[in-house]
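# Reading the structure
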Amino acid sequence: MIRSQITGCGTYLPARIMENSDLESIVDTSAEWIEQRTGIRQRHIVAENETTADIGEKAAREALAAAGVDPADLDMIILATSTPNNTFPATAVEIQSRLGMHHGYAFDMQAVCSGFVFALTTADQYIRNGSVKKILVIGAETFSRILDWTDRTTCVLFGDGAGAVVVEAAEGDGTMADRGILTSHLRSDGSHKEKLFVDGGPSTTGTVGHLRMQGREVFRHAVGMITDVIEAAYDSTGFTSEDIDWFVPHQANKRIIDASARKLGIPSEKVVITVDRHGNTSAASIPLALCEAARDGRIKRGDIVLLEAMGGGFTWGSVLLRW
Ligand code: ACO
């Protein structure tokens, strides 16, 4: 059986760090309020001339180097982003060109904070049907560009960043002892649109728009949706929370992560946290957290790793893999 294995990881965080205390001079907030309600202490913000393609390319190059894969050997690129450089063409195509790749194909995937889980699941489908062998999956976001910097209920929550992985086809036995992606589950429900959306777009206002969110409503739905797709992962693999070596959740809010882990019975020592330093980087948050834990030696070969995300749409999903 063909399995999709992650063979290399890369990350990039913009140089500029914005502390919670820096936000006190922008909106009516306090550093303590932000940390207490969200777990966030700081976030990275892109420079004026820095784009999603720039930071995505940096993470991509690092992932390719780590995997020992040349762009010439890649079959495709999927970029998960809600903050593309342009309405079209896809920013993935720009990154493809910058990597000197003129073959294969590249496209963007838009599932907001669930973008990386959607992109990784899509990559897994292409690999398992045998049509391609090497895929670059990137999550890159410049949410600082779509925030309303006068709205204290949203601008304190998000940050910019990029993470990338190389996914390669490998032979497996078809058992849960295989390395690679073992199962994935995606969901969406557009009836929740008004709870988290951007109030602009090419076909409506002709502007880019700003992020709008009913934070309490998002919070209310998040834990149930997250546990739904994790229980689906357990049902299809036979694993339980006791089998999970590392839980790498989307990094929206420490309270959502803690509540989900508690509900599932996953101890806090097994939860990878970056939201304190990165804020919510949307589609970039999982690859940033996954790559950090893989590089510092927490995630080891053979470990069972559980990824989950929930975001605008609503969209939500999980990926369970053996590293
Ligand atoms: N500083 C100070 N006060 C604030 C701030 C701020 N930055 N933001 C809101 N407040 C005030 C509110 O105005 C309100 O005041 P009021 O009682 O006088 O009306 C008070 O704080 C409490 O507001 P709540 O919205 O009830 O605060 P809550 O504890 O729910 O925390 C938060 C707000 C952090 C947004 C929370 O609801 C949350 O985390 N929701 C999840 C949303 C999220 O993480 N979204 C990310 C995108 S989706 C995803 O990635 C899953």
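A quick note: this is a predicted structure, and the numbers were derived from the prediction, not measured. (Residues numbered from 1 in each chain as written. Predicted model: local features only at pLDDT ≥ 70, side-chain atom pairs only at ≥ 80, totals over all residues. Heavy atoms only, no water.)

For the rest of this paragraph, the subject is the overall build of the protein. Looking only at helices and strands, one finds 9 helices and 13 strands in the protein. A globule of 323 residues ought to have a C-alpha radius of gyration of about 20 Å, and the protein, at 18 Å, matches this closely. Taken along its principal axes, the extent of the C-alpha atoms in the protein is 55 × 45 × 40 Å. Relative to its full complement of 323 residues, the protein shows a buried share of 59%. Residue pairs in contact within the protein that sit at least 24 positions apart in sequence constitute 76% of those at least 6 positions apart. When the accessible surface of the protein is totalled, it reaches about 13000 Å², and 49% of it is carbon and sulfur. Put simply, the protein has 31 plus and 42 minus side-chain charges, and the middle of one group is 2 Å from the middle of the other. (Helix = DSSP H or I, 4+ residues; strand = E, 2+ residues; numbered from the N terminus. Rg over C-alpha atoms; globule rule 2.2 N^0.38 Å. Buried < 20%, exposed > 50% of the residue type's maximum accessible area, 1.4 Å probe, protein only. Contact = heavy atoms within 4.5 Å. Areas by Shrake-Rupley, 256 points an atom, 1.4 Å probe, with all protein chains shown as cover. Lys, Arg positive; Asp, Glu negative; His and termini not counted. Charge placed at Lys NZ, Arg CZ, Asp CG, Glu CD.)

What follows covers the sheet that holds strand E8 (residues 180-188). Pairing within the open sheet is mixed, and its 4 strands lie in the order E8-E13-E12-E11. At either end of the open sheet lies a strand with only one pairing partner, and these are E8 and strand E11 (246-249). Averaged over neighbouring strand pairs, the angle between their axes works out to 10 degrees when direction is ignored. The pairing of E8 with strand E13 (residues 315-322) spans 8 bridges and is antiparallel. Among the inter-strand pairings, Ser-184 is bridged to a residue of E13, identified as Val-319. Across the sheet, helix H9 (residues 285-295) lies against E11 and strand E12 (304-311), angled at about 160 degrees from E12, the strand it touches most. (Pairing = 2+ DSSP bridges. Axes fitted to C-alpha atoms, helices over the stretch in contact; angles between N-to-C directions.)

Moving on, we get to the pairing of strand E5 (residues 105-109). The sheet contact formed by strand E4 (residues 76-80) and E5 spans 5 bridges and is parallel. For Ala-80, the partnering residue across the bridge sits in E5 and is Met-109. Where the polypeptide runs from E4 across helix H4 (residues 91-98) and back to E5, its parallel neighbour, the crossover connection is right-handed. (Right-handed = clockwise from strand over helix to strand, strands pointing away.)

Two quantities define a packed helix pair, namely the angle between the axes and the distance from one axis to the other. Look at helix H6 (residues 215-237) against helix H7 (residues 254-264): their axes get within 10 Å of each other, and the N-to-C directions meet at 40 degrees. On the basis of their axis angle, the class for H6 and H7 is oblique. Considering the relative orientation of H6 and H7, their crossing is right-handed. Contacts from Phe-219, Ala-222, Val-223, Gly-224, Ile-226, Thr-227, Ile-230 and Tyr-234 in H6 reach Arg-255, Ile-256, Ala-259, Ser-260, Lys-263 and Leu-264 in H7. A class-by-class count of the residues in the contact of H6 with H7 yields 9 nonpolar, 3 polar and 2 charged. (Parallel < 35°, antiparallel > 145°, perpendicular 65-115°, else oblique. Left-handed = near helix turned anticlockwise from the far one by under 90°. Nonpolar A, V, L, I, M, F, W, Y, C, P; charged D, E, K, R; others polar.)

Running from amino to carboxyl end, helix H3 (residues 52-67) crosses H4 at an angle of 55 degrees, the nearest separation of the two axes being 10 Å. The angle between H3 and H4 falls in the class oblique. As H3 runs across H4, the sense of the crossing is right-handed. From H3, Thr-52, Ala-53, Asp-54, Gly-56, Glu-57 and Arg-61 reach across to H4, where they touch Thr-91, Glu-94, Ile-95 and Arg-98.

This part is about the site of the ligand. Around the ligand sit 23 residues in total, of which Thr-29, Arg-37, Arg-216, His-250 and Asn-253 are the nearest. One of the side-chain nitrogen or oxygen atoms of Thr-29 is found 2.6 Å away from a nitrogen atom of the ligand. Contacts to the ligand include His-250, whose side-chain N or O atom sits 2.8 Å from an oxygen atom. Starting from 1000 Å² of accessible surface for the ligand in isolation, the protein chains cover 77%. Counting residues per element, the ones that place at least two in the shell around the ligand are helix H2 (31-38), H6 and H7. The dominant element in the shell around the ligand, judged by the number of residues it contributes, is H6, at 4 residues. (Near = heavy atom within 4 Å. Polar contact = N/O pair within 3.5 Å; in protein donor to acceptor, adjacent residues only side chain to side chain.)

A word on the pattern of salt bridges. For the structure on display, the rule yields 19 salt bridges. A salt bridge links Arg-98 to Glu-94; the shortest N-O distance between them is 3.0 Å. Remark: Glu-94 and Arg-98 occur in helix H4; sequence separation between them is 4 residues, near one turn of the helix. A relative accessible area of 28% means that Arg-98 is categorised as partly exposed. (Salt bridge = Lys/Arg side-chain N within 4 Å of Asp/Glu carboxyl O.)

Where a protein is soluble and globular, its nonpolar side chains tend to be buried together. Counting 44 residues, the largest nonpolar core has Tyr-234, Ile-266, Leu-306, Met-310 and Leu-320 as its most contacted members. At the level of secondary structure, the elements contributing two or more residues to this core comprise strand E10 (211-213), H6, H7, E12 and E13. The biggest single contributor to this core is H6, with 8 residues. Residue contributions to this core reach at least three from each of two domains, namely domain 1 (2-171) and domain 2 (180-322). With near-sequence residues (within four places) excluded, Tyr-234 lies in contact with Phe-239, Thr-240, Ser-241, Ile-244, Leu-264, Ile-266, Leu-306 and Leu-320. Counting residues in hydrophobic clusters, the runner-up holds 37 residues, among them Ala-80, Met-109, Val-137 and Ile-181. (Core = buried A, V, L, I, M, F, W, Y, C linked by side-chain atoms within 4.5 Å. Domains from an automatic or database assignment.)

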